Amino acid sequence: MNRRNMLWSALVSLGAGWAATRAQAATEAPIARQKVVYHLADSDRMNFAFGNIQNHLDGMGGPEHVSIVLVVLGPALRGFHRDGANPDITQRVAKLAKAGVGFAACKNTMKAQDVALDGLLPGFAVADRGGVVRIAELQAQGFAYIRP
Amino acid sequence: MNRRNMLWSALVSLGAGWAATRAQAATEAPIARQKVVYHLADSDRMNFAFGNIQNHLDGMGGPEHVSIVLVVLGPALRGFHRDGANPDITQRVAKLAKAGVGFAACKNTMKAQDVALDGLLPGFAVADRGGVVRIAELQAQGFAYIRP
Amino acid sequence: MNRRNMLWSALVSLGAGWAATRAQAATEAPIARQKVVYHLADSDRMNFAFGNIQNHLDGMGGPEHVSIVLVVLGPALRGFHRDGANPDITQRVAKLAKAGVGFAACKNTMKAQDVALDGLLPGFAVADRGGVVRIAELQAQGFAYIRP
């Protein structure tokens, strides 16, 4: 192999990448697949967050076009305890989880509220390093961030 | 000039670009052009959002150095209906729109509030797939996100 | 080696990169170093922000694994004035600053509250172009954004 060929193929690869990126940005339709992390901490924002997420799924044309993770930390997590859960919340979580929305509970909040994973509504996973670390980690992986 | 030289100078240019970018990051002056999406949902955050955006324009040295889009969804959109709009809000929207700030209204909220585009203050566009989808789309295009 | 082989090895390299990225995402351990900007504007969110940041440091295994900047603007900045500062706040700022957390005060807010840098708790720097510009600048540099 010689240097000229190496350089040439490197530039061709770069050029192809740039062209693809520019074409995607120029058209904006159909919209690219999205990845989004929702941050819920306030109890009085639960229904608003659910509305946002449902609208997000609908606006993207269904869950196959978007990856959504809801990270719950702080007071809002109480609304997701199995014991005493609002039947409407239970139903909404079940519906969204079935549609592929991920639910992550902050480990620190779980400890503070003395609740284990099986004490939360079905669909939750534990954010072992804490909710805020999980939120930052997802953003580093290209997830957009929305605070309802 | 032969192809090898062409390629070589192309790579040198790339290298110069990288070096310039790193130098700029190190000094932080002048600051790079910014793209920012503001997310407004709460009625009681309207003035705060306007203050943030005006400060953003001023801090960047004028609208030619920053692209700002304000996405309005939920209860806050009521404050932007033409009918009954606060004269101060009307004026601030007109001023910011003239400075190049984009205003996007969530289609779902418009439907819920039974308002069409011509029922909103001048300067608005419709976020057809919904406000949250538009917010995530802009972030995927490199916009920073601020929730006033 | 001919050009076809060169392209093939370029693609193989790309493939290896993708595989490495996917493996990292799949295992999630050890987690990559993080950079995060926290946005604090509301006085009643101070303790919540401090809790989030402490959990963030702990969850990452210490300040050597994460760069955190807290940008304070608006009413919340009053809580960081030296005169009349709550002793608990003073102590928490000192502890976090010692752990490497950066504190940035919005220049516009400082002006509005008529306070100079030496009137704020030790550990603060001034965000000269304003808090919102600093927040967007950090995001452009790869910082995740969290609004406590």
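Refer to the structure above for everything that follows.
Attention in this report is confined to the structure presented alongside it. (Residues numbered from 1 in each chain as written. Chains lettered and ligands numbered in written order. Predicted model: local features only at pLDDT ≥ 70, side-chain atom pairs only at ≥ 80, totals over all residues. Heavy atoms only, no water.)

### Details of the overall build of chain A
Thinking step 1. Each helix and strand counted, chain A has five helices and five strands in total.
Thinking step 2. Scanning chain A from its N terminus toward the C terminus, one meets helices and strands in the order α-β-α-β-α-β-α-β-α-β.
Thinking step 3. Within chain A, the fraction of its 148 residues that count as buried is 45%.
Thinking step 4. For chain A, contacts bridging at least 24 residues in sequence account for 73% of all contacts bridging at least 6.
Thinking step 5. Of the roughly 7,200 Å² of accessible surface on chain A, a fraction of 54% belongs to carbon and sulfur atoms. (Helix = DSSP H or I, 4+ residues; strand = E, 2+ residues; numbered from the N terminus. Buried < 20%, exposed > 50% of the residue type's maximum accessible area, 1.4 Å probe, protein only. Contact = heavy atoms within 4.5 Å. Areas by Shrake-Rupley, 256 points an atom, 1.4 Å probe, with all protein chains shown as cover.)

### Description of the packing of helix 2 (residues 46-59) of chain A against helix 5 (residues 131-140) of chain B
Thinking step 1. Direction vectors running N to C along helix 2 of chain A and helix 5 of chain B enclose 75 degrees, while the axes themselves pass 8 Å from each other. As summarised for this structure, helix 2 of chain A and helix 5 of chain B are arranged roughly perpendicular, according to the angle between their axes. Of helix 5 of chain B, the residues touching helix 2 of chain A (which contributes Asn52, Asn55, His56 and Gly59 of chain A) are Val132, Val133 and Ala136 of chain B.
Thinking step 2. Looking at the contact of helix 2 of chain A with helix 5 of chain B residue by residue, the class counts come to three nonpolar, four polar and no charged. (Axes fitted to C-alpha atoms, helices over the stretch in contact; angles between N-to-C directions. Parallel < 35°, antiparallel > 145°, perpendicular 65-115°, else oblique. Nonpolar A, V, L, I, M, F, W, Y, C, P; charged D, E, K, R; others polar.)

### Some thoughts on the sheet that holds strand 2 (residues 66-72) of chain C
Residues and elements named next belong to chain C.
Thinking step 1. Pairing is parallel in the open sheet, where five strands are placed in the order 4-3-2-1-5. Bordering the open sheet on either side are strand 4 (124-127) and strand 5 (144-146), each of which pairs with just one other strand. Strand-to-strand twist across the sheet, computed as the mean angle between neighbouring axes with direction ignored, equals 30 degrees.
Thinking step 2. Where strand 2 lies against strand 3 (residues 102-106), four bridges are found, and the strand directions are parallel. Across the sheet, residue Val71 finds its bridge partner in strand 3, namely Ala104.
Thinking step 3. Lying over the sheet, helix 2 (residues 46-59) contacts strand 1 (34-40), strand 2, strand 3 and strand 5, oriented at roughly 175 degrees with respect to strand 1. (Pairing = 2+ DSSP bridges.)

### A closer look at the pairing of strand 4 (residues 124-127) of chain A
Looking down a regular strand, the side chains alternate between one sheet face and the other.
Residues and elements named next belong to chain A.
Thinking step 1. Note that strand 3 (residues 102-106) and strand 4 share four bridges and pair parallel. Following the sheet pairing, Ala105 is matched in strand 4 by Val126.
Thinking step 2. As a crossover connection, the stretch from strand 3 through helix 4 (residues 107-112) into strand 4 is right-handed. (Right-handed = clockwise from strand over helix to strand, strands pointing away.)

### Comments concerning the pattern of salt bridges
Thinking step 1. One pass over the structure, following the stated rule, counts twelve salt bridges over all chains.
Thinking step 2. The residue Asp42 of chain A makes a salt bridge to Arg147 of chain A at a minimum N-O spacing of 3.5 Å. Here Arg147 of chain A lies in the segment after strand 5 (144-146) and Asp42 of chain A lies in the loop between strand 1 (34-40) and helix 2, a separation of 105 residues in the sequence.
Thinking step 3. By relative accessible area, Asp42 of chain A is classed as buried at 13%.
Thinking step 4. One salt-bridge network, held together by shared partners, links Asp42 and Arg147 of chain A together with Arg45 of chain C. (Salt bridge = Lys/Arg side-chain N within 4 Å of Asp/Glu carboxyl O.)

### Section: the sheet that holds strand 1 of chain A
Thinking step 1. Taken in spatial order, the five strands make up an open sheet running 4-3-2-1-5 (chain A), and their pairing is parallel. The open sheet terminates on both sides in strands that have one partner only, identified here as strand 4 and strand 5 of chain A. Going from strand to strand, the sheet's axes swing by 30 degrees on average, the running direction of each strand aside.
Thinking step 2. Of the strand pairs in this sheet, strand 1 of chain A and strand 2 (residues 66-72) of chain A are connected by seven bridges, and their pairing is parallel. By the bridge assignment for strand 2 of chain A, Val36 of chain A is matched with Ile68 of chain A.
Thinking step 3. Each of strand 1 and strand 5 of chain A touches helix 5 of chain B; the most contacted strand, strand 5 of chain A, lies at about 145 degrees to it.

### Some details on the packing of helix 2 of chain A against helix 3 (residues 87-98) of chain A
Residue and element names in this part refer to chain A.
Thinking step 1. Between helix 2 and helix 3, the least distance of the axes is 12 Å, while the angle of their chain directions is 25 degrees. On the basis of their axis angle, the class for helix 2 and helix 3 is roughly parallel. The element helix 2 and its partner helix 3 pack so that their crossing is left-handed. Contacts from Met46, Asn47, Phe50, Gly51, Ile53, Gln54 and Leu57 of helix 2 reach helix 3 at Asp88, Ile89, Arg92, Val93, Lys95 and Leu96.
Thinking step 2. Its residues assigned to classes, the contact of helix 2 with helix 3 shows seven nonpolar, three polar and three charged. (Left-handed = near helix turned anticlockwise from the far one by under 90°.)

### Side note on the packing of aromatic side chains
Residue and element names in this part refer to chain A.
Thinking step 1. Considering all chains together, one arrives at twelve aromatic pairs over all chains under this definition.
Thinking step 2. Relative to Phe80, the ring of Phe50 lies with its centre 6.0 Å away and its plane at 70 degrees, an arrangement referred to as edge-to-face. Separated by 30 residues along the polypeptide, Phe50 in helix 2 and Phe80 in the loop between strand 2 and helix 3 bring together distant segments of the chain. Exposure class is identical for Phe50 and Phe80. Each is buried.
Thinking step 3. Ring pairs connect the aromatic residues Phe50, Phe80, Phe103 and Phe124, which therefore count as one cluster. (Phe/Tyr/Trp six-rings, centres within 6.5 Å; stacked < 30°, edge-to-face > 60°.)

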